Amino acid sequence: MSESRLVIAIDGPSGGGKSTLTRLLAERLGYLPIDTGAMYRTLALAISRSGISPDDEGGVEQLCRKVEIRFLRDDGSYRVIADGEDVSQAIRTPEISMLTSRISAQRGVREILLKLQRELGKEGGVILEGRDIGTVVFPHAQVKFFLSATPRERGERRFLELLEKGSDATLEETIAAVIQRDEQDAARELAPLRKAADAVEIDSTGVTIEEVLSRMEQVVRERAKSFE
Ligand code: DC
């Protein structure tokens, strides 16, 4: 298998650096980055706008089946398009984060996105980031990472992102929200947040992005050799 066709799975809790590292690693390798959290967020946004109760699993599933999600590359960044609308900003609010964590525990929602994610990744040459990529979506991915950091550091990173967007959330609130979401994501019955047994775990607390990126690139190149 050539180096350009591997499936790379990056899982971990929120704020563990997945998004940034996925994007940078994809650039280095010439891979397609796929943010599966953004897909769950897009469905959560559609639900919140529809007025359907998040507890109405049948109604939620019916609605989610109709939403068309696409990623569009624009000026080096990836935009999330739902039914033709750019929702990249709208899906990043604290309210949508919390709703996403809630609805992502539902079987119907997970089935829809599981199918789509497998379809997007089937040719290889992709990096999928999420919670269950190495355990459920692509259990045979050739390279798996699990990125973590302390809750405080992850909360601080999220807080800085929110601050940049003009949010008035406090640091303590953001850390508490990160912890609550991790607990929900790890405790759910279906595809919980969990490190795959064969994933390479990297704790990025106090480590620069560049250092983590180099480590990951080294792991990918080593692994690729064994598939040549
Ligand atoms: O990575 P993120 O913060 O954008 O993810 C938002 C939520 O989506 C997260 O709290 C849990 C859910 N999610 C999931 O259940 N499975 C994935 N593969 C990705 C995200």
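The rules behind these values
Residues numbered from 1 in each chain as written. Predicted model: local features only at pLDDT ≥ 70, side-chain atom pairs only at ≥ 80, totals over all residues. Heavy atoms only, no water. Near = heavy atom within 4 Å. Polar contact = N/O pair within 3.5 Å; in protein donor to acceptor, adjacent residues only side chain to side chain. Areas by Shrake-Rupley, 256 points an atom, 1.4 Å probe, with all protein chains shown as cover. Helix = DSSP H or I, 4+ residues; strand = E, 2+ residues; numbered from the N terminus. Nonpolar A, V, L, I, M, F, W, Y, C, P; charged D, E, K, R; others polar. Buried < 20%, exposed > 50% of the residue type's maximum accessible area, 1.4 Å probe, protein only. Axes fitted to C-alpha atoms, helices over the stretch in contact; angles between N-to-C directions. Parallel < 35°, antiparallel > 145°, perpendicular 65-115°, else oblique. Contact = heavy atoms within 4.5 Å. 1 Å grid on protein atoms, 1.4 Å probe; cavity = no way out; pocket = protein on both sides within 12 Å on 5 of 7 lines; lining within 4 Å. Points joined across faces, edges and corners; volume = space filled by probe spheres on them. Core = buried A, V, L, I, M, F, W, Y, C linked by side-chain atoms within 4.5 Å.

## Some details on the site of the ligand
Right, on to step 1. In the vicinity of the ligand there are 17 residues, among which Arg41, Arg110, Arg181, Asp185 and Arg188 approach most closely.
Right, on to step 2. Note that a nitrogen atom of the ligand is positioned 2.8 Å from one of the side-chain N or O atoms of aspartate 132.
Right, on to step 3. The contact in question runs from an oxygen atom of the ligand to an N or O atom on the side chain of arginine 188, over 2.8 Å.
Right, on to step 4. Calculation on the ligand without its partners gives an accessible area of 450 Å², and the protein chains cover 98% of this total.
Right, on to step 5. Top contributing element to the shell around the ligand by residue count: helix α2 (residues 36-50), with four residues.
Right, on to step 6. In terms of residue class, the shell around the ligand is made up of one nonpolar, six polar and ten charged.

## Digging into unusual backbone geometry
Right, on to step 1. Within the chain, aspartate 83 stands out as a residue other than glycine whose phi angle is a positive 50°.
Right, on to step 2. If you check the backbone angles, alanine 191 has positive phi at about 40° while not being a glycine.
Right, on to step 3. Inspection of the secondary structure puts alanine 191 in the loop between α8 (171-187) and β8 (200-203).
Right, on to step 4. The class for alanine 191 is buried, based on a relative accessible area of 15%.

## Comments concerning the packing of α2 against helix α4 (residues 94-103)
What describes two packed helices is the angle between their axes and the distance between those same axes.
Right, on to step 1. Their axes nearest at 8 Å, the elements α2 and α4 cross at an angle of 100°. Overall, the two elements α2 and α4 adopt an arrangement that is roughly perpendicular. Facing α2, whose interface residues are Tyr40, Arg41, Leu43, Ala44, Leu45, Ile47 and Ser48, α4 presents Ile96, Ser97, Leu99, Thr100 and Ile103.
Right, on to step 2. Split by residue class, the contact of α2 with α4 holds eight nonpolar, three polar and one charged.

## Concerning the layout of surface pockets
Right, on to step 1. The calculated volume of the second largest pocket comes to roughly 250 Å³.
Right, on to step 2. Looking at the second largest pocket, the residues that line it are Cys64, Arg65, Val67, Glu68, Ile69, Glu111, Ile112, Leu113, Lys115, Leu116 and Glu119.
Right, on to step 3. If you list the elements that add at least two residues to the lining of the second largest pocket, you get α3 (57-66) and α5 (107-121).
Right, on to step 4. At six residues, α5 tops the list of elements feeding residues into the lining of the second largest pocket.
Right, on to step 5. Here the residues of the lining of the second largest pocket sort into six nonpolar, no polar and five charged.

## Concerning the environment of glycine 130
Right, on to step 1. By the secondary structure assignment, glycine 130 is in strand β6 (residues 126-130).
Right, on to step 2. Sequence-distant contacts of glycine 130, defined by excluding residues within four places in its chain, comprise Ile10, Asp11, Gly12, Lys18 and Thr36.

## Details of the nonpolar core
Right, on to step 1. Of all hydrophobic cores here, the largest spans 32 residues; its most connected members are Leu43, Cys64, Ile69, Ile103, Val109, Leu113 and Leu128.
Right, on to step 2. Mapped onto this core, the elements with two or more residues apiece are β1 (7-11), α2, α3, β4 (77-82), α4, α5, β6 and α6 (133-137).
Right, on to step 3. Of all the elements, α2 adds the most residues to this core, at eight residues.
Right, on to step 4. Contacts of leucine 113, omitting those with residues within four sequence positions, involve Met39, Tyr40, Leu43 and Ile69.
Right, on to step 5. Residues Leu6, Leu147, Met216 and Ala224 belong to the second largest nonpolar core, which totals 20 residues.

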